[in-house]
Amino acid sequence: MEPQDVPTTLSAAEPASSTGAGPLRIVVAKPGLDGHDRGAKVVARALRDAGMEVIYTGLHQTPEQIVGTALAEDADAIGLSVLSGAHMTLFARVVELLAEADATDIVVFGGGIIPEADRAPLAALGVAQVFTPGASMAEIVDWVRANVRRS
């Protein structure tokens, strides 16, 4: 197993959950063959700095690996970063696997190079939010705080 295949947990001292049930647990993942992970790492750090526990899966993860990590880590959300153009297939598979695992309470959001025309179909699949280049870290953190609850 390559070092980038090992999930890494980043956590901060202050809980991010408004429910008092502990910090939100967010899996940040790079599915598919896309090797550009700078944005995913920046988002992971911003969420961590906001008090959330972040599990970064590393590059080249399959949807099965991502969902497996989310289940094993008792995640509240999965944030996917896709720059390869395979977002419709990869997001759909993650949502499908969560449904098969009876884990639809895990919120799926993501970002990357995702055309405007694909955002409504992604929402129809169950993707809660899509951030595109130019989204601020504050916007992403605020959205996660407002839309993800500790299970």
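It should be noted that the structure appears before, not after, this text.
Residues numbered from 1 in each chain as written. Predicted model: local features only at pLDDT ≥ 70, side-chain atom pairs only at ≥ 80, totals over all residues. Heavy atoms only, no water.

Trainee: Mind laying out the side chain of His87, listing which residues take part and the relevant values?
Mentor: Residue position: His87 is located in helix α3 (residues 87-100). The buried category is assigned to His87, whose relative accessible area is 4%. Among residues more than four places away in sequence, those in contact with His87 are Val82, Ala92, Ile113, Ile114, Pro115, Asp118 and Leu122. (Helix = DSSP H or I, 4+ residues; strand = E, 2+ residues; numbered from the N terminus. Buried < 20%, exposed > 50% of the residue type's maximum accessible area, 1.4 Å probe, protein only. Contact = heavy atoms within 4.5 Å.)

Trainee: Describe the packing of α3 against helix α4 (residues 116-125), naming the residues involved and giving the relevant values.
Mentor: Two elements in contact, α3 and α4, have axes separated by 10 Å at closest approach and are oriented at 15°. By the criterion of interaxial angle, the relationship of α3 to α4 is roughly parallel. Of the two possible hands of crossing, α3 and α4 adopt the one that is right-handed. Where α3 approaches α4, its residues His87, Met88, Phe91, Ala92 and Val95 are matched on the opposing element by Asp118, Pro121, Leu122 and Leu125. Tallied by class, residues from the contact of α3 with α4 come to 7 nonpolar, 1 polar and 1 charged. (Axes fitted to C-alpha atoms, helices over the stretch in contact; angles between N-to-C directions. Parallel < 35°, antiparallel > 145°, perpendicular 65-115°, else oblique. Left-handed = near helix turned anticlockwise from the far one by under 90°. Nonpolar A, V, L, I, M, F, W, Y, C, P; charged D, E, K, R; others polar.)

Trainee: Which residues make up the pattern of salt bridges, and what are the values?
Mentor: The final tally for this structure, using the stated rule, is 10 salt bridges. Its salt-bridge partner being Arg93, residue Glu64 comes within 3.0 Å of it at the nearest N-O pair. One end of the pair, Glu64, is in helix α2 (residues 63-72); the other, Arg93, is in helix α3, and 29 residues separate them in sequence. You can call Arg93 partly exposed: its relative accessible area is 26%. Where Arg119 meets Glu116, a salt bridge forms, and the shortest distance between an N and an O atom there is 2.5 Å. Taken together, the positions of Arg119 and Glu116, both in helix α4 and 3 residues apart, correspond to about one turn of that helix. Owing to a relative accessible area of 26%, Arg119 belongs among the partly exposed residues under this scheme. (Salt bridge = Lys/Arg side-chain N within 4 Å of Asp/Glu carboxyl O.)

Read these as layout, nothing more, since geometry by itself doesn't imply function.
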